[in-house]
Every structure is written in structure tokens, then in C-alpha cells.
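Architecture at a glance
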Amino acid sequence: CESTCHKGPCPPCPGEGRTGCHCGKALATLTCSDPTPTCGATCDRQMPCGHRCAERCHAGECSDVPCMVMTGKVWCACRSLERSLPCHQ
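Residues numbered from 1 in each chain as written. Predicted model: local features only at pLDDT ≥ 70, side-chain atom pairs only at ≥ 80, totals over all residues. Heavy atoms only, no water.

**Overview of the pairing of strand 2 (residues 27–30)**
Which entries qualify depends on this criterion: Here, a strand pair is defined by DSSP locating no fewer than two bridges between the strands. Labels follow the DSSP assignment, with helices taken as runs of H or I lasting at least four residues and strands as runs of E lasting at least two, numbered in each case from the N terminus.
Sheet analysis places strand 1 (residues 17–20) next to strand 2, joined by four bridges and oriented antiparallel. Bridge assignment links G20 to a residue of strand 2, and that residue is L27. Adjacent in sequence and paired antiparallel, strand 1 and strand 2 are bridged by six residues, among which G24 carries a positive phi angle near 85 degrees.

**Notes on the nonpolar core**
What tends to happen in soluble globular proteins is that the nonpolar side chains get buried as a cluster. Let me state the cut-off plainly: In this description, a nonpolar core means a group of buried Ala, Val, Leu, Ile, Met, Phe, Trp, Tyr and Cys residues linked to one another through side-chain atoms lying within 4.5 Å. Here's how the labels work: a residue is buried when its accessible area is under 20% of the maximum for its type, exposed when over 50%, partly exposed in between, all with a 1.4 Å probe on protein chains only. In this description, contact between two residues means that some pair of their heavy atoms is separated by no more than 4.5 Å.
In terms of nonpolar packing, the biggest core is built from eight residues, these being C21, C23, C43, M47, C53, C57, C62 and C67. When neighbours within four sequence positions are excluded, C57 is seen to be in contact with C21, H22, C23, P37, T38, C39, G40, A41 and C43.

**Side note on unusual backbone geometry**
With phi around 65 degrees, D44 is a residue other than glycine that occupies positive phi space. Note on placement: D44 falls in the loop between strand 2 and strand 3 (70–75).

**Re the pairing of strand 3**
A regular strand carries its side chains on alternate faces of the sheet. Relative to strand 4 (residues 82–86), strand 3 runs antiparallel, the two being bridged by five bridges. Across the sheet, W75 pairs through a bridge with E82, a residue of strand 4. In textbook terms, the turn of a hairpin is the stretch between consecutive antiparallel strands, and for strand 3 and strand 4 this stretch comprises six residues, one of which, R79, has a positive phi near 65 degrees.

And the structure:
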């Protein structure tokens, strides 16, 4: 109970009830001690770079996950090899 010493039954826990997973695609019924669930779906939230997050439902900000969308190509110094680079590089 989060209330200070009181008479009668404890009020409902503010963390109890239906809540969304980290990406917001699924709902779950939680008790006070339950952690926020992950649903296993693709996160799909917009990342700071503007691309959509391709990771599975996760806690924290999408900026903590490197963006792997292939955005550019780089040539080696001798120009004999071209390599695609993900957004975060």
C-alpha cells in the first residue's frame, strides 16, 4: 500500500489494471508488482532519425536501439568495393 498509515482497507494500487505493452499494440491486466509486458510484435515507433523501429517490443527509447535501415553506400579508397551502410553509421 502506498498510502501512509490509515484506517480501513487500502485504496486500489495506481499501477493495477489494464495497461499497454511497451510499443502500445497489446493490452494486459496487471497487478501492482507486475512489470510492463512486451508483446513480441515489431515496435514500429518512429526513431529520432525518422525511420521506424524494427526491433521487437522493448522497454526504453528507440534511440537506444541502433537504426539498421540501409541508407547509403560507401566506396573503399581504391573504388573496387562498394558497401551499404546502415543509418546509424
